[in-house]
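For reference, the chains in residue letters:
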Amino acid sequence: MAAAKLQALWNHPAGPKTIHFWAPTFKWGISIANIADFSKPPEKLSYPQQIAVTATGLIWSRYSTVITPKNWNLFSVNVAMAGTGLYQLSRKLRHDYSSEAAVTKE
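Quick caveat: nothing in here was measured; it's all calculated off a predicted structure.

**A few points about helix α2 (residues 19–36)**
In this model α2 runs 26 Å from its N-terminal to its C-terminal C-alpha over 18 residues, within 8% of the 26 Å that 1.5 Å per residue would give. For α2, the full list of buried residues reads Phe21, Pro24, Lys27, Ser31 and Asn34. The buried residues of α2 occupy an angular sector of 135° when projected down its axis, which confines them to one face. The exposed set on the far side of α2, more than 90 degrees from its buried face, consists of Ile19, Phe26, Ile32 and Ala36.

Here it is as structure tokens:
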């Protein structure tokens, strides 16, 4: 049973013998780096970088569902990119706007 599933994965049009497998697999590095940045102070986060990560994740998540063959590895990495990017943007926005509110009260 397992051998048949591995054979099916190996021979899939988006399987390990193609770039359609390896490109999204290495793209996980971006999401992992963004997760590692969760401990970074919000003032050190970059709006342009996080907007790019979020937009890339959202756009390519949609694209990965309409292409043939469906590439679920590409879909999952881009959902992760969009999620981590949105989280980082929310951290940055909360920090910047709550900091500005505290400064204007003083």
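**Structural notes on the side chain of Asn71**
Position of Asn71 among the secondary structure elements: in the loop between α3 (47–66) and α4 (72–105). Residue Asn71 is classed as buried on the basis of its relative accessible area, which comes to 5%. Here Leu74 takes part through its backbone nitrogen, which lies 3.1 Å from a polar atom of the side chain of Asn71.

**A word on the side chain of Lys27**
Inspection of the secondary structure assignment puts Lys27 in helix α2. Within the buried set, Lys27 has no salt-bridge partner at all; the shortest N-O distance to an opposite charge, 16 Å, is to Asp37. Only 2.8 Å separates the side chain of Lys27 from the side chain of Asn78, close enough to count as a polar contact. Every residue in contact with Lys27, bar those within four places of it in the chain, is listed here: Thr56, Trp60, Val77, Asn78 and Met81.

Thresholds applied
- Residues numbered from 1 in each chain as written.
- Predicted model: local features only at pLDDT ≥ 70, side-chain atom pairs only at ≥ 80, totals over all residues.
- Heavy atoms only, no water.
- Helix = DSSP H or I, 4+ residues; strand = E, 2+ residues; numbered from the N terminus.
- Expected span 1.5 Å × (residues − 1).
- Buried < 20%, exposed > 50% of the residue type's maximum accessible area, 1.4 Å probe, protein only.
- Arc of directions from axis to C-beta.
- Polar contact = N/O pair within 3.5 Å; in protein donor to acceptor, adjacent residues only side chain to side chain.
- Lys, Arg positive; Asp, Glu negative; His and termini not counted.
- Salt bridge = Lys/Arg side-chain N within 4 Å of Asp/Glu carboxyl O.
- Contact = heavy atoms within 4.5 Å.

From the geometry alone we can't say anything about function, so treat these as descriptive.
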